[in-house]
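# Summary of the model geometry
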Amino acid sequence: MRIIGIDPGLARVGYGIIDEIEGKKIMLDCGIIETKSKQKEENRLVEISNDLSSIINKWHPSSAAVEKFFFYRSSTTISVVQARGVIMMTLGKHNLPIQEFPPMQIKLAVTGYGHSDKDEVLSSVMNELNITSPPKPDDAADALAIALTGIYLK
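Attention here is on the structure that accompanies the text. (Residues numbered from 1 in each chain as written. Predicted model: local features only at pLDDT ≥ 70, side-chain atom pairs only at ≥ 80, totals over all residues. Heavy atoms only, no water.)

With that settled, the discussion passes to the pairing of strand β5 (residues 98-101). With burial as the criterion, only one face of β5 is covered, namely that bearing Q99 and F101; the residues I98 and E100 on the opposite face remain uncovered. Relative to β5, strand β4 (residues 63-67) runs parallel, the two sharing 4 bridges. Along β5, the bridge assignment pairs V66 with E100. (Buried < 20%, exposed > 50% of the residue type's maximum accessible area, 1.4 Å probe, protein only. Helix = DSSP H or I, 4+ residues; strand = E, 2+ residues; numbered from the N terminus. Pairing = 2+ DSSP bridges.)

Rendered as structure tokens:
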């Protein structure tokens, strides 16, 4: 099983690619798709779709796990929801089965506690994937946690 985990955003979309082979989980890649705030929003959304397609074409995941958005009272809420929609559309164009998880479920799956802090999640991700240095930036580490949740809850 090869899964792509995605932490949606407009400025930065975190992604993480994990293989599971005979119960062993191996991180293949992680990083971010970054868009510039000076670009028009529609151009940023196109960039997210194009870059995500390139990552999918490179790694050929068999499924995807995406953080489920929940409402924040923020001026960026609509933009993030639009970016998430573009992400879902792009995954759909590649015919990837998609699992969606809210943040509390991700924390519960990865650490065993739904109210874990970022450091606890990061520590669990590093331990499970047997990596010695923290994935940077945080969005990439979060995407790996989302991918692991997809593996655990398949």
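Quick look at unusual backbone geometry now. In the segment running from K136 into P137, the intervening peptide bond is cis, with an omega of -10°. Looking at the element boundaries, P137 is found in the loop between α4 (118-129) and α5 (138-152). One non-glycine residue, E22, lies in positive phi territory at about 50°. Its place among the elements puts E22 in the loop between β2 (12-21) and β3 (24-34). Its identity is not glycine, yet N130 carries a phi of approximately 55°, on the positive side. Relative to the assigned elements, N130 resides in the loop between α4 and α5.

To continue, consider the environment of I21. Along the chain, I21 turns up in strand β2. Sequence separation between I21 and E42 is 21 residues, and the spatial gap between their C-alpha atoms is 39 Å.

Let's shift gears to the side chain of S79. Take S79: it is sitting in helix α2 (residues 77-93). For S79, a relative accessible area of 15% gives the class buried. For S79, the contacting residues outside a window of four places in its chain are L10 and E41. (Contact = heavy atoms within 4.5 Å.)

Describing two packed helices takes the angle between their axes plus the distance from one axis to the other. Packing of helix α3 (residues 103-111) against α4 leaves a shortest axis separation of 9 Å and a crossing angle of 50°. By the criterion of interaxial angle, the relationship of α3 to α4 is oblique. At the point where α3 passes α4, the crossing takes the left-handed sense. Every residue of α4 that contacts α3 at K107, V110 and T111 is listed here: E120, V121, S124 and V125. Grouping the constituent residues of the contact of α3 with α4 by class yields 3 nonpolar, 2 polar and 2 charged. (Axes fitted to C-alpha atoms, helices over the stretch in contact; angles between N-to-C directions. Parallel < 35°, antiparallel > 145°, perpendicular 65-115°, else oblique. Left-handed = near helix turned anticlockwise from the far one by under 90°. Nonpolar A, V, L, I, M, F, W, Y, C, P; charged D, E, K, R; others polar.)

As far as function goes, none of this settles anything; it's purely spatial.
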